[in-house]
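Each chain, letter by letter, is given below.
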Amino acid sequence: MESFIFAMFNGVLYGMLLFLLASGLTLIFSMMGVLNFAHASFFMLGAYFAYQISEGLNFWAALIVAPVIVGMVGAGIERWGLRPVHRYGHVAELLFTFGVAYVIEELVQMIWGRVPVPYEIPDAMSGALFTWQGFDYSIYRVFMLVVSVAIFVALFALLTYTRIGLIIRAAVSDPIHVATLGHDIPRIFMWTFGFGCALAGVAGVVGGNVLGTEPAMAIQLGPIVFVVIVIGGLGSLGGALVAALIIGIVTRLAIFYDYGVGSLVLALGLEIDTAGMLRDFTRITTAQVAPVLPYLMLVLMLIFKPRGLFGTRDV
Amino acid sequence: MLEVRDLHAYYGKSHIIQGVSLDVGAGEIVSLLGRNGVGRSTTLKAITGEVEPVGTIMFKGEPIAGRKMHEIARRGIGYVPENRNIFPTLTVRQNLILGIKSMREQGRWSIDDMFQMFPNLAERADALGSVISGGEQQMLTICRTLMGDPDLIMIDEPTEGLAPKLVEQVSGLLAEIAKRGVAILLVEQKLDIALDISHRVHVMGHGKIVFEGSVSEFRANNQVRKEWLEV
């Protein structure tokens, strides 16, 4: 039970980090129809900027400044890159963001090199906040959880209770009509894009020092974020939250309880020949399966429920 | 106030609007009549900028053709589309708030005005836009556009598919809009309503204006009615 709670804690933590990334992506996707392939690259930029700023100043300055810079970079790319490409349709936009992802990766390698940079957890937050039933709950991981939950609450409040939030939600379903009411849709697109990138930047700041800050981090996390928004349902922030938590928890539990397939079958009371023809199959462990699970869920979701858990329109 | 001269518009290669000219004066109600598919809705969309216009469109003495949609709206042109685009995930009240262009300036309409005129909407203020009736959605769409305080409102088929009692309410609202000095360009299928409230009438056929005149001139002209309106 204790270990289950610890695994759940890590699962929720990973899930909330995925949500920070997915929330921006789903806003951009549902509003502009742009599948921003470069979204995880802004996560990576967040981590690298945070590393650089913590070197010069400190982690707290990085937590504020890095996402702002990432947001400005994102807004600039939308304004001077994506907007002119927009008239050539969604395929051109997708290819554009695909290119941006590689440009960012190469730039990062040019500036910071191919090996991971030493972006560390701040000293003040290393160590355990408390130890419970033999498991250390580190200060920093609890902090990550607090930051991501706070951002979820702030985002939810922004979209629900403010006028700009109303305009964004309306523009998600019908941008043309919102424009006839006198709202500047291209400008709203630009800032939504920048804001979504800034959210990914926050995830990079708080996650980069735990997951490792290296040029491959965007490519590693990028695809799974798409899985989150498809499973959650396009345009649904609540759906993105639920899907991110499901994927976070399922993958962490599978790694934590590292059962072999053979022993699972035996535990179910079935007989299996662990030395015969199926020998290699029975050696597979759930930890090995864990990275595939999200994509399996994606495939099943697209077949059986293409609108995702809470989506209102097809992919 | 609104002067349209030799307006053309295209959907792909089809030439939908072929040289339309029309005027709407300040505080005037003008109806745009015609059978389905003659280009009435497209004319409105070309004025809002949703469909690219070719030709001259002047509003309050300034050219607006080619300007961005939100700029045209901010100059004072309100538009109520035919398909009642209620934002389904927003409540009735939020839909109204969305219509406000600037929180700083108080326009001639307030949310309370709307609720007073339509007690139905007041009762359902916190209901989602997707769950209210078709009639309520129609009221809400018009009210939402009014919240932006337009000087000219273009309304596309406001009574289509509504029960007779609601049709009466809509024409009451149109009268109230005119009373507050807002000009109306109305696309309406129901002749009696259009003629009842309009000052002037334009009839469209095949992408062109085929008749233009006062309501009494229109009533006296059976030929136009037979050729361009009756099915």
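Keep in mind it's a predicted model, so treat the numbers as computed, not measured. (Residues numbered from 1 in each chain as written. Chains lettered and ligands numbered in written order. Predicted model: local features only at pLDDT ≥ 70, side-chain atom pairs only at ≥ 80, totals over all residues. Heavy atoms only, no water.)

S.K.: How should I be thinking about the overall build of chain A in this particular structure?
M.R.: The number of helices and strands found in chain A is 14 helices and two strands. Relative to the 2.2 N^0.38 estimate, which gives 20 Å for 315 residues, the radius of gyration of chain A is 21 Å and therefore close to what a compact globule would have. Taken along its principal axes, the extent of the C-alpha atoms in chain A is 70 × 50 × 40 Å. Split into buried and exposed, the 315 residues of chain A put 51% on the buried side. Carbon and sulfur atoms make up 70% of the accessible area of chain A, which totals about 14500 Å². Between the averaged position of the 14 positive side-chain charges in chain A and that of its 17 negative side-chain charges there is a distance of 13 Å. (Helix = DSSP H or I, 4+ residues; strand = E, 2+ residues; numbered from the N terminus. Rg over C-alpha atoms; globule rule 2.2 N^0.38 Å. Buried < 20%, exposed > 50% of the residue type's maximum accessible area, 1.4 Å probe, protein only. Areas by Shrake-Rupley, 256 points an atom, 1.4 Å probe, with all protein chains shown as cover. Lys, Arg positive; Asp, Glu negative; His and termini not counted. Charge placed at Lys NZ, Arg CZ, Asp CG, Glu CD.)

S.K.: Explain the interface of chain A and chain B here, please?
M.R.: Frequently, the measure chosen for interface size is the accessible area that the parts lose on association. Tallying the contact residues gives 17 residues for chain A and 23 residues for chain B. Taken over both partners, the interface formed by chain A and chain B buries close to 1800 Å², and the fraction arising from carbon and sulfur atoms is 64%. It is Arg163, His177 and Leu181 of chain A in chain A that bury the most area against chain B; as a group they hold 33% of the surface buried on that side. In this structure, the connection of chain A to chain B is made through zero salt bridges. At the junction of chain A and chain B, the tally comes to eight residue pairs in polar contact (both at pLDDT 80 or more). Sorting the residues of the side of chain A that touches chain B by element identifies helix H6 (163–173) and helix H7 (175–180) of chain A as the ones contributing at least two each. When residues in the side of chain A that touches chain B are grouped by element, the largest group, six residues, is from H6 of chain A. (Contact = heavy atoms within 4.5 Å. Buried area = accessible area lost by both parts, 1.4 Å probe. Salt bridge = Lys/Arg side-chain N within 4 Å of Asp/Glu carboxyl O. Polar contact = N/O pair within 3.5 Å; in protein donor to acceptor, adjacent residues only side chain to side chain.)

S.K.: So what exactly am I meant to see when it comes to the environment of Arg187 of chain A here?
M.R.: Residues and elements named next belong to chain A. With respect to the helices, strands and loops of the structure, Arg187 is situated in helix H8 (residues 185–211). Taking the relative accessible area as the measure of exposure, Arg187 reaches 52% and is therefore exposed. Here the alpha-carbon distance between Arg187 and Ala267, two residues 80 residues apart in the chain, equals 58 Å.

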